[in-house]
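# Structural overview for review
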Amino acid sequence: MALDELQEIEGPDDAYALDESLYDDVLACVMQQDGERLQALFEPLHPADIADLLEQLSHSEREALLGFWPDTVDGEVLSELDEALREDVISLLPETALVDAVRDLESDDVVDLLEDLEDEEQQEAILDALDDADRAAVEEALSYPEESAGRLMQREVVRVPEFWSVGETIDYLRTQTGELPGQFYHVILVDPRMHPVGNVTLGRLLAAPRATKLKEIVEETFVQIPADQDESEVAYAFNQYHLISAPVVDSEGRLVGVITIDDAMAVLEEEAEEDILRLAGVGEGSLSDRIFETTKRRFPWLMVNLVTAILASLVIAQFEDTIAQFVALAVLMPIVASMGGNAGTQSLTVAVRALATKDLTGSNLMRVVVREAGVGLVNGLIFALVMGMVGLFWFDSVALGGIIAVAMVVNLVIAGLAGVLVPVALDRLQIDPALASGAFVTTVTDIVGFFAFLGLAAAVLL
């Protein structure tokens with residue numbers, strides 16, 4: 001939306017949020033069939049803001065809006081929509097509106113749309129909207145594996161021979177006005193066999209004298225991306241080497257496309273969001289998902305948690321007689337397990353993110369393990385002192401205070417170790433650590449916490 005409207009909203013966290021009244025105004029226009037007012041509301045909005053608005057509407061409200069005003073959605077809005085919602089929006093658009101929306105998109109954005117569509121008729125309608133060259137480029141991109149650089153790249157590339165000068169390049173670009181990509185950051189130098197040999201930024205190109213050879217002003221960092229490389233590796237390369245764009249090459253090393261920083265960062269954001277959701281056991285999804293879809297996604301991990309809770313309960317059951325004689329144990333034992341679970345989650349989150357960013361490797365694994373165990377030990381000693389005092393003054397028992405203190409130290413050290421070693425082990429077994437680690441770490445901390453606390457109590461108090 002317009003900057004002055006955005007700044008009226010109070011709070012630094014809401015500086016770029018949609019005005020809450022916009023939602024009601026849009027629905028009112030749809031009910032009143034007021035197209036002129038609706039167009040005035042949408043005109044100052046950025047495509048990302050329109051996408052946000054569509055995500056806030058219910059399915060029936062989106063259906064009413066797009067049925068009355070399909071021009072709400074153009075290609076840029078479609079590319080900004082959450083993937084989970086995009087198919088729903090596309091299904092609500094008339095075929096003519098869908099065709100118009102995709103005509104001006106870059107090839108990588110068209111590929112992204114097609115990947116999310118299950119309806120073959122809609123896929124064919126989008127492909128038919130493209131000219132022959134663009135359709136061939138999109139179909140070739142779709143031939144690459146899913147979530148690969150070949151799917152992520154755009155085929156619109158600015159390339160020139162490596163022996164050209166700055167002046168020749170600028171003159172060439174001026175003659176290609178209608179053929180250039182909407183946004184590009186580099187001119188790619190290629191040899192006679194179409195192998196990329198260097199990048200020249202537009203800034204250096206415009207600043208250099210016309211007689212300067214392009215080879216003299218190439219970027220020092222030049223990374224080529226194999227077309228079959230996983231997109232997560234591509235995003236890592238962009239982040240690691242501070243790339244703005246990078247050429248994509250086929251198995252013969254020939255230039256087939258280019259990936260730009262906006263697409264790479266979108267992948268990086270998706271990976272981070274995916275890790276957070278998986279750590280919470282909710283998988284992929286969005287606020288627009290329906291009840292059954294959300295339930296189906298969350299149920300398996302709730303079942304896993306139920307199984308782990310039963311395992312912890314079996315440990316408790318082994319000490320029924322001890323708990324029966326000392327009721328205070330039932331009051332205090334959830335504290336030990338809870339502290340261990342939280343400490344384990346802290347270590348786990350750090351480890352999973354470090355694995356994703358390749359900061360945690362075999363060379364520094366032992367150092368990280370020792371650090372997390374040390375953190376667990378220090379925190380354990382601090383909270384052992386606190387809980388020892390609680391046990392002493394609450395239940396007037398030195399023995400009980402000592403038991404819970406020792407159990408606290410043991411469980412927090414084990415939690416730190418499990419938080420690192422479990423995701424590393426799963427990663428070595430080619431299992432997504434973000435998806436499976438939480439259940440294992442919780443199981444370890446619960447079982448160790450209960451066993452340490454109740455076992456010590458049985459040994460000392462009885």
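Residues numbered from 1 in each chain as written. Predicted model: local features only at pLDDT ≥ 70, side-chain atom pairs only at ≥ 80, totals over all residues. Heavy atoms only, no water.

## Here we look at the overall build of the chain
Across its full length, the chain carries 22 helices and six strands. Expected size for 462 residues packed as a compact globule is a radius of gyration near 23 Å; at 29 Å, the chain overshoots this value by more than 25%. When the backbone C-alpha atoms are referred to their principal axes, the chain occupies close to 90 × 60 × 45 Å. When each of the 462 residues of the chain is scored for burial, the buried share is 43%. Accessible surface, the chain: about 24,400 Å² in total, of which carbon and sulfur atoms supply 55%. (Helix = DSSP H or I, 4+ residues; strand = E, 2+ residues; numbered from the N terminus. Rg over C-alpha atoms; globule rule 2.2 N^0.38 Å. Buried < 20%, exposed > 50% of the residue type's maximum accessible area, 1.4 Å probe, protein only. Areas by Shrake-Rupley, 256 points an atom, 1.4 Å probe, with all protein chains shown as cover.)

## Comments concerning the pairing of strand β3 (residues 196-201)
Taking burial as the measure, the six residues of β3 include five buried ones, the bulk of the element. Two strands pair when backbone bridges link them, and strand β2 (residues 186-190) and β3 are joined in this way by five bridges, in the antiparallel orientation. Bridge pairing in β3 places V187 opposite V200. Hairpin remark: β2 followed by β3, antiparallel, with five residues in the connecting loop; positive phi at M194, about 70°. (Pairing = 2+ DSSP bridges.)

## A closer look at a negative patch on the surface
A cluster of acidic residues, E83, E146, E147, D230, E269, E270 and E273, forms a negative patch at the surface. A per-element tally of the negative patch places helix α16 (residues 261-279) first, with three residues. A residue is classified by how much of its surface remains accessible, and E273, at 39% relative accessible area, is partly exposed. (Patch = residues over 30% accessible without salt bridge, like charges linked within 9 Å, V, L, I, M, F, W, Y side chains within 5 Å. Salt bridge = Lys/Arg side-chain N within 4 Å of Asp/Glu carboxyl O. Lys, Arg positive; Asp, Glu negative; His and termini not counted. Charge placed at Lys NZ, Arg CZ, Asp CG, Glu CD.)

## Comments concerning the side chain of E372
Structurally, E372 can be placed in helix α20 (residues 365-395). Take E372: its relative accessible area is 7%, and that puts it in the buried class.

## Looking at the pairing of strand β5 (residues 245-249)
Of all five residues that make up β5, five are buried, and the element is covered over most of its length. Covered by surrounding structure in β5 are S245, P247 and V249 together with A246 and V248, the residues of both alternating faces. Pairing analysis gives two bridges linking strand β4 (residues 225-226) to β5, with the strands arranged parallel. In the strand pairing of β5, P226 is matched with V249. In terms of strand pairing, β5 meets strand β6 (residues 255-260) through five bridges, oriented antiparallel. Bridge assignment links V249 to a residue of β6, and that residue is L255. Linking β5 back to β6 in an antiparallel pair, the connection comprises five residues, with G253 at a positive phi of about 80°.

## Topic: the confidence of the model for the chain
The share of residues in the chain with pLDDT of 70 or more is 93%, and the mean pLDDT across the chain is 84. Within the chain, no element has a lower average pLDDT than helix α1 (residues 3-6), which sits at 46, and none a higher one than β4, at 95. The low-confidence segment residues 1-12 (pLDDT under 50) makes 19 contacts with residues lying over four places distant or belonging to another chain. (pLDDT = per-residue confidence, 0-100. Contact = heavy atoms within 4.5 Å.)

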